[in-house]
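Secondary and tertiary structure notes
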Amino acid sequence: MEVAHCYLDGNADAVEFCPHDSYTHVLAAATYTLQEGDNPRRSGSISLLDVNGDGDDFKLFHRVDTAGIFDIKWNPVGGNMDKPMLAQADADGCLRIHELEKEGFLREINGEKISSSMCLCLDWNPASTSISVGFSDGSVSIISFSESKLDIVQEWKAHDFELWAASFDMHQSHLVYTGSDDCKFSCWDLRDSPSNKVFLNSRVHKMGVCCIAKNPSDPNSLLTGSYDEHLRIWDVRSMSKPVNETSVHLGGGVWRLKFHPYVPGLVLAACMHNGFAIVKIKEEKGEVIETYSKHGSLAYGADWQRKEFSQEDKQKSTLVATCSFYDRLLKIWMPENNIFV
């Protein structure tokens, strides 16, 4: 059920609800627009929108113009930084950190050009002290973060082509998973310098690996999404190689995977050419329980609102944000099926 919608100023590719208390109504939406011509330019923006339970106050209240953005992430709750921070990976090879001020605007507190290649993806470690960044040349960097500076701690060539996923293991923060257009899925141990490759899987994904998501409620479960239209469920207890791989066909390139913040095993998927899907994962098996096809372009950005809800009003309080690329459309909606069963 649609609650609200709007159009952004550029091609929409990422949406992220703020997870921090008192700010869960804040939605960040990022854009990437290639301006062609004699001097091509990749421009972008971050828009902040107010999203409440019924959509009545759905409105844009702040926007930052910047380079074209491939990925944004809020810092996790419970880390060393209790302030809401939004990290940005952009086409200029820059990592930028914005602080969300109490007045409701973003203030850039760090910004460094960390590569001559484009920054394609990023992830915070659980303590909010480091950020992993993947690049268009297949390399990955680990950046230490403090309010005063960003420092490259490690960097290495991880893949042969564009690196679309570089994710910390939230249960073992010394591990980083990477996925790339070379169809390879890898894990790296940061306790070694340079990082030691824990495993490399180059056989399962038939096309590029787009996203990686660790299951917050199961330290042994991890998901990958691929251009080959499959969501894959992995059991990582055998770290020489992932075992018990199970796949769910979603009918479109699986670009984003987001676990529900409170419901174990519930996953929101952005499926590029096939809209969005909600998948229930139980006992290493996945089942599509709902699809959402009310976008007219590439389905890229997707997230759950992390708003607390009462036991009596669970379903009404579950909001989803999704965005599509070329039509610049951002939608807020509620699942029609009971996702809490």
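Our structure is the block above this text.
Presented here is an overview of the structure given in this document. Remember, predicted model here, so these are calculated numbers, not experimental data.

**Examining the sheet that holds strand β6 (residues 69-74)**
- Spatially, the 4 strands line up as an open sheet ordered β6-β7-β8-β9, and their pairing is antiparallel. Each of the sheet's edge strands pairs with one partner strand only, and the pair in question is β6 and β9 (106-113). When strand polarity is set aside, the average angle formed by the axes of neighbouring strands in this sheet is 20°.
- Of the pairings in the sheet, the one linking strand β7 (residues 85-90) to strand β8 (residues 94-100) comprises 5 bridges and is antiparallel in character. Counterpart to Leu-86 in the pairing with β8 is His-98.

**Some thoughts on the pairing of strand β20 (residues 230-235)**
- Of all 6 residues in β20, 5 are buried; the element is thus mostly enclosed.
- If you look at the hairpin formed by strand β19 (residues 221-226) and β20, you'll find 3 residues sitting between the two strands, and Glu-229 has a positive phi there, around 80°.

**As for the nonpolar core**
- Of all hydrophobic cores here, the largest spans 18 residues; its most connected members are Val-15, Leu-27, Leu-49, Val-51, Phe-58, Leu-330 and Ile-332.
- Aside from chain neighbours lying at most four places away, what touches Val-51 is Phe-17, His-25, Leu-27, Phe-58, Gln-305, Leu-319 and Ile-332.
- Counting 17 residues, the second largest nonpolar core, distinct from the first, contains Ala-89, Leu-95, Leu-122 and Leu-150.

**Here we look at the pattern of salt bridges**
- With the rule as written, the count across this model stands at 18 salt bridges.
- Residue Arg-191 pairs with Asp-189 through a salt bridge whose shortest N-O separation is 2.8 Å.
- Relative accessible area serves as the criterion here: at 61%, Arg-191 is assigned to the exposed category.
- Residue class for Asp-189 comes out buried when judged on its relative accessible area of 10%.
- The salt bridge partner of Arg-232 is Glu-245, with a shortest N-O separation of 3.3 Å. Of the two residues, Arg-232 is situated in strand β20 and Glu-245 in strand β21 (residues 243-249); the sequence distance between them amounts to 13 residues.
- Its relative accessible area of 32% is what places Glu-245 among the partly exposed residues.
- Through salt bridges with shared partners, a single network forms among Glu-16, Lys-258, Asp-303 and Arg-306.

**Structural notes on the sheet that holds strand β1 (residues 2-7)**
- One open sheet holds the 4 strands; their spatial order is β1-β28-β27-β26, and the pairing between them is antiparallel. Edge positions in the sheet fall to β1 and β26 (299-304), since each of these pairs with one other strand and no more. For this sheet, the mean inter-axis angle between neighbouring strands, taken without regard to orientation, is 15°.
- Summarising the sheet, β1 and strand β28 (residues 329-333) pair through 5 bridges and their orientation is antiparallel. Residue pairing in the sheet places Ala-4 in a bridge with Ile-332 of β28.

Cut-offs applied
- Residues numbered from 1 in each chain as written.
- Predicted model: local features only at pLDDT ≥ 70, side-chain atom pairs only at ≥ 80, totals over all residues.
- Heavy atoms only, no water.
- Pairing = 2+ DSSP bridges.
- Helix = DSSP H or I, 4+ residues; strand = E, 2+ residues; numbered from the N terminus.
- Axes fitted to C-alpha atoms, helices over the stretch in contact; angles between N-to-C directions.
- Buried < 20%, exposed > 50% of the residue type's maximum accessible area, 1.4 Å probe, protein only.
- Core = buried A, V, L, I, M, F, W, Y, C linked by side-chain atoms within 4.5 Å.
- Contact = heavy atoms within 4.5 Å.
- Salt bridge = Lys/Arg side-chain N within 4 Å of Asp/Glu carboxyl O.

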